[in-house]
Amino acid sequence: MAVPAWFAEILKRELDGRVSLSDDQLVRLHEHYNLLDRWNEKMNLTSVELGAETVIRHYCESLFFAAHLEEKVGSIADIGSGGGFPGVPIAILNPKVRVSLVESNQRKAVFLREATRGLPNISIIAQRAEEVSNVFDILVARAVNSKEVVALMPRLASKIGLMLGETHFLHLQSAKHIAWSEPIRLPWGDRRICVFGHVSRGTSVKE
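Quick caveat: nothing in here was measured; it's all calculated off a predicted structure.

Peer 1: Help me out: how do you make sense of the pairing of strand E3 (residues 122-125) in this one?
Peer 2: Residues in a regular strand point their side chains to alternate faces of the sheet. Examined bridge by bridge, strand E2 (residues 98-102) and E3 share four bridges and lie parallel to one another. Bridging across to E3, Ser 100 finds its partner in Ser 123.

Peer 1: What's the story with the pairing of E2 in this structure? I'm lost.
Peer 2: Buried residues dominate E2, accounting for four of its five residues. The handedness of the strand E1 (residues 75-79) to E2 crossover, carried by helix H4 (residues 87-93), is right-handed. Note on the crossover from E2 through helix H5 (residues 106-115) to E3: the handedness is right-handed.

Peer 1: Before we go on, may I ask you to explain the nonpolar core in this structure?
Peer 2: The nonpolar side chains of a soluble globular protein tend to be buried with one another. Core analysis: the largest hydrophobic core is formed by 45 residues, its most contacted members being Leu 11, Phe 65, Leu 69, Ile 76, Ile 90 and Val 99. Broken down by element, this core gets its largest block of residues, eight residues, from helix H3 (residues 52-67). Not counting the four nearest positions on each side in its chain, Val 99 is found in contact with Ile 76, Gly 87, Ile 90, Ala 91, Asn 121, Ile 122 and Ser 123. Core analysis: the second largest hydrophobic core is formed by 26 residues, Ala 129, Leu 152, Leu 164 and Trp 180 among them.

Peer 1: How should unusual backbone geometry be read in this particular structure?
Peer 2: The linkage connecting Phe 85 with the following residue, Pro 86, adopts the cis geometry, with an omega of 5 degrees. Looking at where Pro 86 falls in the secondary structure, it is placed in the loop between E1 and H4. Residues Met 153 and Pro 154 are joined by a peptide bond in cis, for which omega reads 0 degrees. Mapped onto the fold, Pro 154 is located in the loop between helix H6 (146-150) and strand E5 (159-165). Residues other than glycine seldom take positive phi values, yet Ala 143 does so here, at roughly 60 degrees. Look at Ala 143 and you get exposed, because its relative accessible area is 75%. Positive phi values are uncommon outside glycine, yet Asp 190 reaches one of about 65 degrees. Looking at where Asp 190 falls in the secondary structure, it is placed in the loop between strand E7 (184-185) and strand E8 (192-199).

Peer 1: How do you make sense of the packing of helix H1 (residues 5-14) against helix H2 (residues 23-39) when you look at a structure like this?
Peer 2: Pairs of packed helices are described in terms of their axes, by the angle between the two and the distance that separates them. Packing of H1 against H2 leaves a shortest axis separation of 11 Å and a crossing angle of 115 degrees. Of the two elements, H1 crosses H2, and the hand of that crossing is right-handed. Contacts between H1 and H2 pair Trp 6, Phe 7, Ala 8, Leu 11 and Lys 12 from the former with Leu 26, Leu 29, His 30 and Tyr 33 from the latter. Across the contact of H1 with H2, the residue classes tally to seven nonpolar, one polar and one charged.

Peer 1: Even after reading the chapter, I still don't get the pattern of salt bridges, so can you show me in this structure?
Peer 2: Summed over all chains, the structure comprises twelve salt bridges. Between Lys 159 and Glu 70 there is a salt bridge, with the nearest N and O atoms lying 2.7 Å from each other. Within this pair, whereas Lys 159 is found in strand E5, its partner Glu 70 is found in the loop between H3 and E1, the two being separated by 89 residues in sequence. A relative accessible area of 46% means that Glu 70 is categorised as partly exposed. A salt bridge links Glu 166 to Arg 191; the nearest nitrogen and oxygen atoms lie 2.7 Å apart. In this pair, Glu 166 sits in helix H7 (residues 166-172) while Arg 191 sits in the loop between E7 and E8, placing the two residues 25 residues apart along the sequence. Residue Glu 166 is classed as buried on the basis of its relative accessible area of 17%.

Calculation notes
Residues numbered from 1 in each chain as written. Predicted model: local features only at pLDDT ≥ 70, side-chain atom pairs only at ≥ 80, totals over all residues. Heavy atoms only, no water. Pairing = 2+ DSSP bridges. Helix = DSSP H or I, 4+ residues; strand = E, 2+ residues; numbered from the N terminus. Buried < 20%, exposed > 50% of the residue type's maximum accessible area, 1.4 Å probe, protein only. Right-handed = clockwise from strand over helix to strand, strands pointing away. Core = buried A, V, L, I, M, F, W, Y, C linked by side-chain atoms within 4.5 Å. Contact = heavy atoms within 4.5 Å. Axes fitted to C-alpha atoms, helices over the stretch in contact; angles between N-to-C directions. Left-handed = near helix turned anticlockwise from the far one by under 90°. Nonpolar A, V, L, I, M, F, W, Y, C, P; charged D, E, K, R; others polar. Salt bridge = Lys/Arg side-chain N within 4 Å of Asp/Glu carboxyl O.

These results come straight from atomic positions and should not be treated as a statement about function.
Here it is as C-alpha cells:
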C-alpha cells in the first residue's frame with residue numbers, strides 16, 4: 001500500500017531535525033493509521049478528528065516521545081494503550097525493543113492485535129494493568145490516569161515515561177518514591193510535556 005503524500009509530508013515536516021523515518025517505517029505507520037480510520041467508525045479509538053490533526057497529535061507526539069527514551073531500554077509496557085499510542089509508534093521506530101500493549105478493553109485489544117500483525121516486537125496483554133505480572137524496563141502512557149500508572153511502580157518496572165499536560169505533572173511530584181527528570185515540552189503546543197522518572201533508591205516492591 002502506497003503512503004499518501006499528505007501523510008508522509010506531515011510526518012517529515014513536523015519531525016524534521018527531531019526524528020528520521022525510513023520508507024518502511026512510513027509504510028507501517030500509515031498501515032496503522034489506515035486501520036485506525038476504519039475501526040474508529042465502530043468504536044471510539046480516538047476523539048481527535050482523523051486527518052492532519054491525528055497525525056500530529058498521535059503519531060508525531062508518540063515518535064517525539066520515543067526518540068527521548070533511553071537507548072538501553074529493552075522492554076516497554078504501554079499502559080492503557082487504546083488505539084496503540086504511544087506503543088505502536090515506539091515499536092516501529094525501535095524494532096529491537098519489545099513493546100507490550102496493555103489494554104483491558106477487549107474490543108480495543110482485538111483492534112490492537114489486528115493492527116500489529118506485521119510488527120513482531122509487539123505483544124498484546126488484554127488485562128487490567130493491576131493484574132499484569134510481567135516485569136519491564138519502563139512503563140509508558142498517555143491519555144490515562146497518570147497516578148494509576150505511577151502506582152504500578154516498582155512492581156512492574158523501575159522506570160516510567162509519561163506524555164501529559166503540565167498541570168497534571170504537578171500532581172505527580174508528590175510521589176516521593178519517583179525521581180523525575182526535567183520535563184520536555186512537546187513542540188505542538190497545548191502545554192503538553194514528556195517526563196521520565198525512575199524509582200528512588202531504597203524503595204521496596206509492594207505486593
